[in-house]
Amino acid sequence: MADPLFIFPPDVPDVTPLGPFDPIKPITDITKIDAPPPVKPVKRTKDPKVDEFFLPPVDDADPLVFRGDIEDAVSVTPIIDGNEIFIELERAIGNAESSVLIAFWAFDPGMKAVTDPSITWMDLLLEAVENNTMVRVLFNDFDPGLQTETHATVWLRYWTMWTAAINAGVSADKFQVVCSHHEAETSPSIIKLVRPKLYKTIAAGLNKLPAARRKAMFGVAPGLWSKLNYKHSKLEEIFAGHSYPVFPASHHQKLVIVDGKVAYTGGVNVTSQYDDTRKHGKPKFPWHDVFVKVEGTIVSHFVRNFIGLWNQERLRGEAFLKDAYRAIAFKVHATPLIGPTSKLTEAMIPTVLTSTVPAKIPSQVHRTITKKGTADSGVPIVVRQDILEGYVQAISKAESFIYLENQYFREQIIADAIVQQHKAKPDLKTIILLPKVIEEFLDKKGDDLSKHGAALQFELLDTMQTAIGSNLGLFTLERKDKMLVYVHSKLLIIDDKFASIGSANCNPRSFKMDTELDFVWFNEGLAQKLRIDLWNEILGSPSGVDSWKPADFVTRWTEIAKKNKKSRRTRTGFVVPFDNTTKGAKSFLPLDPFT
């Protein structure tokens, strides 16, 4: 479920451009990456039983291709649920001294700060700039045809941020924002078959809005400017019946890096719907999520990732806006507002150690990175598939238990890996925590893609229940008032030794299409502490939870879940059984990669 749409103003205010705008000169090279030198090889750990949980390095100069080796982190601190996550991020940004790098799938600059509701996140960033800190913000654009309102919202946010920066008089070398969509495209020939009147339908829908809102929304939706005309206060297709490519993939990483000292990643986006405490008492849509804070030289791997994405997407975003301004038939802004951006290098963001404590936590950054493919479907070419490979690798080493929290469970390869490991280890236990209802079905019936994804999940879980039996536990979260607590975390724990937290869902889209980033580590004390902290929230701090034996995990969870379902009055925690009953409906189209 998308966060609430901005209230569009009657019109977009005129602003002064921050940099020169050349309406003639095109940007032709939007894919070249000026890469830093290759990462120096890092020694593996001395323990082969640790090494086998990690992936081998890929030593490549391209920051979107490399995979760093195992690197010992100084500290790894999981953060549970949005309220604590936002408090930590806001304090880190407030204390920044040199640089703040931010990448999110969704970013609302108008979100009120949790630490001080009298200011917004945009205020936090401007305060950082005033303290001579370099700020870079990258967030995802959405296809204007398939997600029109969301596309308009993100561009309104983009222009809102640049306008605020202009009004504050900040230097463009200190504050920069990029909004860009993934380059993968589904061909017009496919769209003509599945959505033959897409933009005619969009025009008709917008024409039902009040005139002022219609004009305002069109004015902040640059992806519509080459497809629709605004005439006599109405919108109509420029070329009737024409089909255009759509952009099916997204930049889904959630990442904050402060001063090259500390990196954060996980599941939340910077919008108010993700703000919730461990008590989950918010009146509407309670939310469960996880982030992780990382310190040590491993932060340099996060930095390289951000630099690669930034240097690529700033050029694509600029090219998109220039093309949009050339196409529009009326002046949306007094002068085109395309915020200037500049190339980042590793030298600009050196990794700084925050402690003299020896680094002793083996860790690695895993990513999904893709680029535009040649298939008409728009399925991209996979450049990095670390997260899927890392999950399979870790699962194959499980001896006593697998614990997984995720928004979805739709990936056949992961299901097969779990079943295979249960065959190899008959006493293995697996617990999977999922949302009671997927978000696409919360306020509507879901489209064909959502139904297809639901069908994949139903079939995989049904097969696993048959193959694994009572050694598999499926659970979800619900309050005493029967309101679901939405599980949005992306987390894996193996044997209280290995853990993974990041942005990737357990579905084909996150493993093979969108850009994603997960952080993984091996440390028995930290992995166990994370599990117990989570279970105390979820299960209601049951007595002796820290001494439970893995052989009893599924039984213990099942007992509490069934008791909670039977009696709301005596509930402890939020766990209830997950009923695998949403069968969905598979499409005749090959939709698996998009789910």
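**Some words on the overall build of the protein**
- In terms of helices and strands, the protein carries 14 helices and 21 strands.
- The dimensions of the protein, computed from C-alpha atoms along their principal axes, are 70 × 55 × 50 Å.
- Within the protein, contacts between residues separated by at least 24 positions form 79% of all contacts whose residues are at least 6 apart in sequence.
- For the protein, the exposed area adds up to about 23,900 Å²; of that, 54% sits on carbon and sulfur atoms.
- Between the centroid of the 72 positive side chains of the protein and the centroid of its 72 negative side chains there is a distance of 4 Å.

**Here we look at the nonpolar core**
- Grouped together as the largest cluster of nonpolar side chains are 76 residues, with contacts concentrated most on Phe 107, Tyr 158 and Phe 175.
- No other element matches helix H4 (residues 148-168), which puts nine residues into this core.
- Apart from residues no more than four positions distant in its own chain, Phe 107 is found in contact with Ile 102, Trp 121, Leu 125, Val 137, Phe 139, Arg 157, Met 161 and Val 270.
- Judged by nonpolar contacts, the second largest core, of 58 residues, contains Val 76, Ile 307, Trp 310 and Val 545.

**Things to note about helix H8 (residues 299-327)**
- End to end, H8 covers 42 Å across 29 residues, agreeing with the expected 42 Å (1.5 Å per residue, within 8%).
- For H8, a buried count of 24 out of 29 residues is recorded, marking the element as mostly surrounded by other parts of the structure.

**Quick word on the pairing of strand S18 (residues 491-494)**
- Side-chain alternation along S18 places Leu 491 and Ile 493 on one buried face and Leu 492 and Ile 494 on a second face that is also buried.
- Examined bridge by bridge, strand S14 (residues 401-405) and S18 share four bridges and lie antiparallel to one another. Bridging across to S18, Leu 404 finds its partner in Leu 492.
- Sheet topology places S18 next to strand S19 (residues 498-502); four bridges connect them, and they run antiparallel. The partner of Ile 493 across the bridge, within S19, is Ala 499.

**Remarks on the packing of helix H3 (residues 121-130) against H4**
- At their nearest, the axes of H3 and H4 sit 11 Å apart, and the two run at 45° to each other. Classified by the angle between their axes, H3 and H4 sit oblique to one another. Here H3 and H4 pass one another in a crossing that is right-handed. Each of Met 122, Leu 125 and Leu 126 in H3 lies in contact with H4, whose residues at this interface are Met 161, Ala 164, Ala 165 and Ala 168.
- A class-by-class count of the residues in the contact of H3 with H4 yields seven nonpolar, no polar and no charged.

**Some remarks on the environment of His 181**
- Mapped onto the elements, His 181 comes out in the loop between strand S5 (175-180) and helix H5 (188-194).
- Ignoring any residue separated from it by four or fewer positions in sequence, one finds His 181 in contact with Asn 140, Asp 141, Phe 247, His 251, Glu 313 and Phe 320.

**Description of unusual backbone geometry**
- Even without being a glycine, Asp 81 presents a positive backbone phi close to 75°.
- The residue Asp 81 is located in the loop between strand S2 (75-80) and helix H2 (82-94) in this model.
- In this structure, Lys 482 takes a positive phi of about 70° despite not being glycine.
- If you trace the backbone, Lys 482 turns up in the loop between strand S16 (472-477) and strand S17 (486-487).

**A word on the environment of Lys 254**
- As for its placement among the helices and strands, Lys 254 is situated in the loop between strand S7 (234-237) and strand S8 (255-258).
- Taking relative accessible area as the criterion, Lys 254 reaches 0% and is therefore assigned buried.
- Residues in contact with Lys 254, not counting those within four places in the same chain, are Ala 103, Phe 104, Trp 105, Tyr 264, Thr 265, Gly 266, Gly 267, Val 268, Asn 269, Phe 291, His 488 and Ser 503.
- Within the local environment of Lys 254, its side chain forms a polar contact with the backbone oxygen of Gly 267, the two atoms lying 2.8 Å apart.

**Observations regarding the sheet that holds strand S3 (residues 99-104)**
- Judged by pairing direction, the sheet is mixed, and its seven strands sit side by side in the order S2-S11-S9-S8-S3-S4-S5 without closing on themselves. Since the sheet does not close on itself, it has two edges, and those belong to S2 and S5, each with one partner. Taking the axes of each pair of neighbouring strands and ignoring which way they run, one obtains an average angle of 10° across the sheet.
- Pairing of S2 with strand S11 (residues 290-295), which is carried by six bridges, proceeds in the antiparallel orientation.

Conventions and cut-offs
Residues numbered from 1 in each chain as written. Predicted model: local features only at pLDDT ≥ 70, side-chain atom pairs only at ≥ 80, totals over all residues. Heavy atoms only, no water. Helix = DSSP H or I, 4+ residues; strand = E, 2+ residues; numbered from the N terminus. Contact = heavy atoms within 4.5 Å. Areas by Shrake-Rupley, 256 points an atom, 1.4 Å probe, with all protein chains shown as cover. Lys, Arg positive; Asp, Glu negative; His and termini not counted. Charge placed at Lys NZ, Arg CZ, Asp CG, Glu CD. Core = buried A, V, L, I, M, F, W, Y, C linked by side-chain atoms within 4.5 Å. Buried < 20%, exposed > 50% of the residue type's maximum accessible area, 1.4 Å probe, protein only. Expected span 1.5 Å × (residues − 1). Pairing = 2+ DSSP bridges. Axes fitted to C-alpha atoms, helices over the stretch in contact; angles between N-to-C directions. Parallel < 35°, antiparallel > 145°, perpendicular 65-115°, else oblique. Left-handed = near helix turned anticlockwise from the far one by under 90°. Nonpolar A, V, L, I, M, F, W, Y, C, P; charged D, E, K, R; others polar. Polar contact = N/O pair within 3.5 Å; in protein donor to acceptor, adjacent residues only side chain to side chain.

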